[in-house]
Amino acid sequence: SRLSASRRAAALAAGLFAGSILPGSNRLFFTGFSPAWRGFYVSSMGGAGLPFDNLGINMVSLAGKAPVPSVLVLHRSQGEEIAVETHPVDVHAAWASGRGGVYGLMEEVLARFGSRYETDPRVLAVGPAAEATDFGGIGSAPVVKGQLTHSDTWAGRGGMGSKMLQEHGIAAVIYGGTFVDEDFRDRKVADTCFALLFLKRAVTPVATR
């Protein structure tokens, strides 16, 4: 039914202001029905919307299910088309490798697919809790010069990582591209809008002694 299909679907999305100077606009949002709380849930991840913006789209919806745990590869290079691929991954071997768990899977995915990208991509991954429980989250770390950094970012509280793996067969997502759009970066316009609505500037300077 339409209702059951909507309950199965999950989405990754960045807003129309992704890439702009507006605070919070570069977060990546995860939405869907939470397997842990049995209701619609929204969670976000800091900074992960910026490389998603390089795909030139606002949202990716997961509706079907890969037959085995897989990596979803999203890539856009110079053209209008976005490459969308799924590749099987041995999650247990990846979770046992490198730094282990979600970090081991991120390292595995970056090693396999990172060379495809002209700019640093982003990797989202789940850990063993996503396979064994209904409250597994989604982890990520910024990639700088082709290497994973140690700045953890997390989202999917409410079991969106469990949902991604158990209901859609997706253990990790790697994405990025070369799409360049006209980002909103006029700070004077932003300050004017915030002053009219909130009587404050968009970014309040920190007082120094």
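Coordinates for the structure precede this section.
Residues numbered from 1 in each chain as written. Predicted model: local features only at pLDDT ≥ 70, side-chain atom pairs only at ≥ 80, totals over all residues. Heavy atoms only, no water.

Draft legend 1. Main features of the overall build of the protein. What the protein contains, in helices and strands, is 7 helices and 12 strands. Within the protein, buried positions represent 43% of all 209 residues. Sequence-distant contacts, at least 24 apart, represent 61% of the contacts inside the protein between residues at least 6 apart. Carbon and sulfur atoms provide 58% of the accessible area of the protein, an area that totals close to 11100 Å². (Helix = DSSP H or I, 4+ residues; strand = E, 2+ residues; numbered from the N terminus. Buried < 20%, exposed > 50% of the residue type's maximum accessible area, 1.4 Å probe, protein only. Contact = heavy atoms within 4.5 Å. Areas by Shrake-Rupley, 256 points an atom, 1.4 Å probe, with all protein chains shown as cover.)

Draft legend 2. Spatial organisation of empty space enclosed by the protein. If you walk through the whole model with that rule in mind, you get 1 cavity of 30 Å³ or more. Around the largest cavity, the lining residues are Ala10, Ala11, Leu12, Phe30, Ile138, Met160, Lys163 and Met164. Considering only residue class, the lining of the largest cavity consists of 7 nonpolar, no polar and 1 charged. (1 Å grid on protein atoms, 1.4 Å probe; cavity = no way out; pocket = protein on both sides within 12 Å on 5 of 7 lines; lining within 4 Å. Points joined across faces, edges and corners; volume = space filled by probe spheres on them. Nonpolar A, V, L, I, M, F, W, Y, C, P; charged D, E, K, R; others polar.)

Draft legend 3. Region of the structure containing the pattern of salt bridges. Scanning all chains against the criterion turns up 3 salt bridges. In this structure, Glu85 and Arg116 form a salt bridge, with 2.8 Å as the shortest nitrogen-oxygen distance. On the criterion of sequence distance, the pair formed by Glu85 in strand 6 (residues 83-88) and Arg116 in the loop between helix 4 (101-113) and strand 7 (122-125) is long-range, its members being 31 residues apart. Taking relative accessible area as the criterion, Glu85 reaches 28% and is therefore assigned partly exposed. Residue Arg116 is classed as partly exposed on the basis of its relative accessible area, which comes to 36%. (Salt bridge = Lys/Arg side-chain N within 4 Å of Asp/Glu carboxyl O.)

Draft legend 4. Region of the structure containing the sheet that holds strand 2 (residues 28-33). Pairing is antiparallel across the open sheet formed by 4 strands, whose spatial order is 3-2-1-4. Each of the sheet's edge strands pairs with one partner strand only, and the pair in question is strand 3 (40-45) and strand 4 (59-62). Taking each pair of neighbouring strands and ignoring which way they run, the sheet shows an average axis angle of 15°. (Pairing = 2+ DSSP bridges. Axes fitted to C-alpha atoms, helices over the stretch in contact; angles between N-to-C directions.)

Draft legend 5. Region of interest: the sheet that holds strand 6. The 6 strands lie next to each other as 6-5-12-7-8-11, forming an open sheet whose pairing is mixed. Sheet topology places strand 6 and strand 11 (153-155) at the edges, where each strand pairs with a single neighbour. Geometrically, the sheet is characterised by an average inter-axis angle of 20° between neighbouring strands, direction not taken into account. Note: strand 7 against strand 8 (residues 138-141), 3 bridges, orientation antiparallel. Directly across from Leu124, in strand 8, lies its bridge partner Ser140.

Draft legend 6. View of the environment of Met160. Mapped onto the elements of the fold, Met160 is located in helix 6 (residues 160-166). Among the residues examined, Met160 registers a relative accessible area of 4% and is labelled buried. Here the alpha-carbon distance between Met160 and Phe135, two residues 25 residues apart in the chain, equals 7.2 Å. Not counting residues within four places of it along the chain, the set of residues in contact with Met160 comprises Thr31, Gly32, Tyr41, Gly136 and Ile138.

Draft legend 7. Looking closely at the side chain of Ser34. Of note, Ser34 is situated in the loop between strand 2 and strand 3. For Ser34, a relative accessible area of 2% gives the class buried. Apart from the residues lying within four places of it in its own chain, the contact partners of Ser34 are Gly39, Tyr41 and Gly158.

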